[in-house]
Amino acid sequence: MRQFDHRRPHPARMYDYMLGGKDNFAVDRQALDQLAELIPEAVPLARANRAFLQRAVRYVARAGVDQFLDLGSGLPTQGSAHEVAPPTPRSSTSTAIRWWGAHAAVLLRRTPGRARFVQADLLDTEDVLAGAGEFLDFERPVGVLLVSILHFLPDSDDPQGAVAALRERLAPGSFLVVSHATTSRGEEDEPPRGRAGSGTDRSPARIRAFFGDFPMEPPGLVQATDWRPDRPKLVGDWSLPSSLMAGVARKA
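Note that the coordinates shown come from a computational prediction; the quantities given were computed from them, not determined experimentally.

Draft legend 1. Focus on the pairing of strand E4 (residues 143–147). Of all 5 residues that make up E4, 5 are buried, and the element is covered over most of its length. Across 3 bridges, strand E1 (residues 68–71) lies against E4 in parallel orientation. Note on E4: the bridge partner recorded for Phe 68 is Gly 143. Crossover handedness for the path E4 to helix H7 (residues 159–169) to strand E5 (residues 175–181): right-handed.

Draft legend 2. Just the packing of aromatic side chains, in detail. One pass over the full model with this rule turns up 3 aromatic pairs. Taking 5.6 Å as the distance between ring centres and 85° as the angle between the ring planes, the aromatic pair formed by Phe 52 and Trp 227 counts as edge-to-face. Of this pair, Phe 52 sits in helix H3 (residues 42–62) while Trp 227 sits in the loop between strand E8 (222–223) and strand E9 (244–250), and the two are 175 residues apart along the sequence. The same class applies to Phe 52 and to Trp 227, which are both buried. An angle of 85° between the planes, with centres 5.4 Å apart, marks the rings of Tyr 59 and Trp 227 as edge-to-face. You can see Tyr 59 sitting in helix H3 and its partner Trp 227 sitting in the loop between E8 and E9, a full 168 residues away along the chain. A single burial state applies to Tyr 59 and to Trp 227, both of which are buried. Among the aromatic residues, those joined into a ring-pair cluster are Phe 52, Tyr 59, Phe 175 and Trp 227.

Draft legend 3. How the structure looks around the packing of helix H6 (residues 125–132) against H7. For the pair H6 and H7, the least separation of the axes is 9 Å and the interaxial angle reads 45°. One way to sum up the angle between H6 and H7 is to call them oblique. Taking contact as the criterion, the partners of Thr 125, Glu 126 and Leu 129 in H6 are, on H7, Ala 162, Ala 165, Leu 166 and Arg 169. Of the residues contributing to the contact of H6 with H7, the split by class is 4 nonpolar, 1 polar and 2 charged.

Rules of the game
- Residues numbered from 1 in each chain as written.
- Predicted model: local features only at pLDDT ≥ 70, side-chain atom pairs only at ≥ 80, totals over all residues.
- Heavy atoms only, no water.
- Buried < 20%, exposed > 50% of the residue type's maximum accessible area, 1.4 Å probe, protein only.
- Helix = DSSP H or I, 4+ residues; strand = E, 2+ residues; numbered from the N terminus.
- Pairing = 2+ DSSP bridges.
- Right-handed = clockwise from strand over helix to strand, strands pointing away.
- Phe/Tyr/Trp six-rings, centres within 6.5 Å; stacked < 30°, edge-to-face > 60°.
- Axes fitted to C-alpha atoms, helices over the stretch in contact; angles between N-to-C directions.
- Parallel < 35°, antiparallel > 145°, perpendicular 65-115°, else oblique.
- Contact = heavy atoms within 4.5 Å.
- Nonpolar A, V, L, I, M, F, W, Y, C, P; charged D, E, K, R; others polar.

In C-alpha cells form, the structure reads like this:
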C-alpha cells in the first residue's frame, strides 16, 4: 500500500488543516495558505461543509439510525461522522475512494470500536458493501454520507450509476446525505462544468438526481449553510458564495 509522502501536500491533510486539525504537515499548511490567497472562501466553505455533515448526522441519528457509511471521508478527524454519531456499537464507518488508508486507520485507533476504515472504490458498489458489511448491517437502515466527494467524479465515471446502485441496496428507512459544488442557484439542467484542479460542478437539478426517488427531508436541496442551521442568521453574518448545495433524503 502506498504511504503518505510528507514532502508533497495531500488534499486530505490540507482539509484537516482547514478544519483546524493537527494531522497535517508543513507542506500541507504551506499549500493551503497559498490556495487561500487565491480562493479566500476555501476555508470558510470547508468549515461550512463540515458543519453541515455534523448537523445531518445528528438529524439522521435522531430519526433512529445508529450506523453510518461515510464515503470519501478523508482523514477521520475534526468532528467527523463517527465523532458526532451517538456511541452505539455500529456508529460509523469510513470508506475512501482511491485513497491511501494507512493514516486514517491509525487515527481511528483513538476511538476503538466506534468506527472502521475500509479502503474501497466508491464507484464499485459491491466493493463498498463487501468491505463495510463486515462492520455494518445493511439489512437495517444506514445513513450514507456523500459529503463533498461526488464533484470530484466526472460524468465519464458514471457517479450517477454508482449512487443509484447503492440506493438500490439500502434498507427502507435509510438516509442519503449529499453536499456538492454547484454551477448556479437555479434549477436549470445545466451541463456539468469543470473547474480548476480536479472537479466537476453540477447544476442543482443534476445534484438532486443523485437522490433518485428518495423523498427529500425539509428544507430540501439548499445551500449548505441553510440546511437546518443551528441558529438564525444574524445581521452582519458573512455570506458564503452560492457554490455548495446540500440535502438529505430518506428511502421510503
